[in-house]
Amino acid sequence: MLVLMGACGSIVGPTAMESTLQAQNFDLATQLALVRSTATVEFARMLVTVEVLSTESRELSAQRDRLVATLQGQGTDVGFIQSTLPDGRGLPEGISAELLLSGLTPPPQSTPLGATTLAGNATPTLPVTPTPPILTRLLEPTLSNGVNSNDCASTSQTSFSADTPEIYIVARALDLKAGSVVTARWTYEGAVRGQYDIPFDFDVNNACIWAYIDQTDFEFTPGNWTVALDVDGYNLVAPFSFSITAP
């Protein structure tokens, strides 16, 4: 019991030195917050000043150009105009409003004490969709109820009757190499109804290719549908929406 009381007695309240350090730390934190807020205000004022000067400079330049045009229209000598109205832009040579703006860097923003920051001061970034490492492109995707002799769509539509015999997805292929596999994926109301692979044993460049479904594949149920085309596992035609209506 004596040991416990002694231990408790040894940590009651900060020492005089600790109190002094805490007070100094609080004063420094307050001064730092004040400096940062002042810097932010001053930076905003500088931006406004530069914008105003830039606008005035452009207005003066436009006025000069109109005056020069008027003098030239009246037959005034060009040399006299250039010597009398030098091409001044309101800023020293080599200095522009854009240059001034690019040189201004916003002051660092203060972080409230106790706030959570990103590990390593990392900057959050938006997700970027990677570009497929293949040259093949499928352009101008079109839905149709048939194709012509050149394999291109005979019609272009996004609505079909449930008794339509066949529904085609057609696209113009660029740099589709022999050995590539095109996958057509048909989806009804978010659920995949069918997915088919079409291997190509010849090159296709700037020509139409197609895939289709008919009544023997599955029922053409009225509702919302999509179809997507992949090449060698890379999605090159995003889900293309269409509808099927009751006959």
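It should be emphasised that the depicted structure is a prediction, and the values quoted were computed from it without experimental measurement.

Draft legend 1. Inspection of the overall build of the chain at higher detail. Assigned secondary structure in the chain consists of four helices and eight strands. The N-to-C order of helical and strand elements in the chain reads α-α-α-α-β-β-β-β-β-β-β-β. Out of the 247 residues belonging to the chain, those deemed buried represent 23%. Of the contacts made within the chain by residues no fewer than 6 positions apart, 62% connect residues no fewer than 24 positions apart.

Draft legend 2. Representation of the environment of aspartate 175 within the structure. Structurally, the position occupied by aspartate 175 is in the loop between strand 3 (166-174) and strand 4 (181-188). The exposure class assigned to aspartate 175 is partly exposed, which follows from its relative accessible area of 29%. On a C-alpha basis, the gap between aspartate 175 and aspartate 203 in space is 7.2 Å, while along the polypeptide they are 28 residues apart. With residues near it in sequence (within four places) discarded, aspartate 175 still touches Leu135, Thr136, Val204 and Asn205.

Draft legend 3. Region of interest: the pattern of salt bridges. All chains considered together, the criterion is met by two salt bridges. The residue arginine 185 makes a salt bridge to aspartate 230 at a minimum N-O spacing of 2.8 Å. Taken together, the positions of arginine 185 in strand 4 and aspartate 230 in strand 7 (residues 223-231) put the pair 45 residues apart, joining distant regions of the chain.

Draft legend 4. Quick peek at the sheet that holds strand 7. With respect to topology, five strands assemble into an open sheet ordered 2-8-7-4-5, the strand pairing being mixed. Looking at the sheet topology across the chains shown, the edges are occupied by strand 2 (159-161) and strand 5 (191-199). Each adjacent strand pair in this sheet contributes to an overall mean axis angle of 25 degrees, direction not counted. With eight bridges joining them, strand 4 and strand 5 adopt antiparallel strand pairing. Within strand 5, the residue paired with valine 182 across the bridge is isoleucine 198.

Draft legend 5. Representation of the sheet that holds strand 6 (residues 207-214) within the structure. On the basis of which strands lie adjacent, the open sheet formed by three strands has the order 1-3-6 and antiparallel pairing. Sheet topology places strand 1 (137-144) and strand 6 at the edges, where each strand pairs with a single neighbour. If you compare each strand with its neighbour and ignore which way they point, the axes differ by 20 degrees on average.

Draft legend 6. Quick peek at the environment of asparagine 145. By secondary structure assignment, the location of asparagine 145 is in the loop between strand 1 and strand 2. For asparagine 145, a relative accessible area of 37% corresponds to the partly exposed category. Setting aside chain neighbours within four positions, we find asparagine 145 in contact with Ser154, Thr155, Gln157, Phe160, Thr164, Glu166 and Tyr168. A distance of 3.2 Å separates a polar atom in the side chain of asparagine 145 from a polar atom in the side chain of threonine 155.

Draft legend 7. Looking closely at the packing of aromatic side chains. Considering all chains together, one arrives at ten aromatic pairs under this definition. Aromatic side chains tyrosine 188 and tryptophan 225 sit 5.1 Å apart centroid to centroid with 45 degrees between the ring planes, which places their arrangement in the tilted category. Residue tyrosine 188 is located in strand 4, and its partner tryptophan 225 is located in strand 7; the two are separated by 37 residues in the primary sequence. When sorted by exposure, tyrosine 188 lands in the same class as tryptophan 225, which is buried. Arranged with centres 5.6 Å apart and planes meeting at 65 degrees, the rings of phenylalanine 200 and phenylalanine 202 form a pair that is edge-to-face. A connected cluster of aromatic rings, assembled from ring pairs, spans Phe160, Trp186, Tyr188, Phe218, Phe220, Trp225 and Phe242.

Draft legend 8. Seen up close, the side chain of threonine 142. Topologically, threonine 142 is positioned in strand 1. Under the relative-accessibility criterion, threonine 142 is labelled buried at 18%. Polar side-chain contacts of threonine 142 include one of 3.2 Å to the backbone oxygen of glutamate 140. Discounting chain neighbours no more than four positions away, the residues touching threonine 142 are Ala153, Thr155, Ser156, Tyr168, Ile169 and Val170.

Draft legend 9. Fine view of the nonpolar core. Membership of the largest hydrophobic core comes to 29 residues, with the highest contact counts inside it found for Leu138, Ile167, Leu176, Trp186, Ile209, Leu229 and Phe242. Listing elements by their share of this core, those giving two or more residues are strand 1, strand 3, strand 4, strand 6, strand 7 and strand 8 (234-245). The residues contacting isoleucine 167, other than those within four sequence positions of it, are Ser144, Phe160, Trp186, Ala211, Tyr212, Ile213, Phe220, Phe242 and Ile244.

Cut-offs used in this document
- Residues numbered from 1 in each chain as written.
- Predicted model: local features only at pLDDT ≥ 70, side-chain atom pairs only at ≥ 80, totals over all residues.
- Heavy atoms only, no water.
- Helix = DSSP H or I, 4+ residues; strand = E, 2+ residues; numbered from the N terminus.
- Buried < 20%, exposed > 50% of the residue type's maximum accessible area, 1.4 Å probe, protein only.
- Contact = heavy atoms within 4.5 Å.
- Salt bridge = Lys/Arg side-chain N within 4 Å of Asp/Glu carboxyl O.
- Pairing = 2+ DSSP bridges.
- Axes fitted to C-alpha atoms, helices over the stretch in contact; angles between N-to-C directions.
- Polar contact = N/O pair within 3.5 Å; in protein donor to acceptor, adjacent residues only side chain to side chain.
- Phe/Tyr/Trp six-rings, centres within 6.5 Å; stacked < 30°, edge-to-face > 60°.
- Core = buried A, V, L, I, M, F, W, Y, C linked by side-chain atoms within 4.5 Å.

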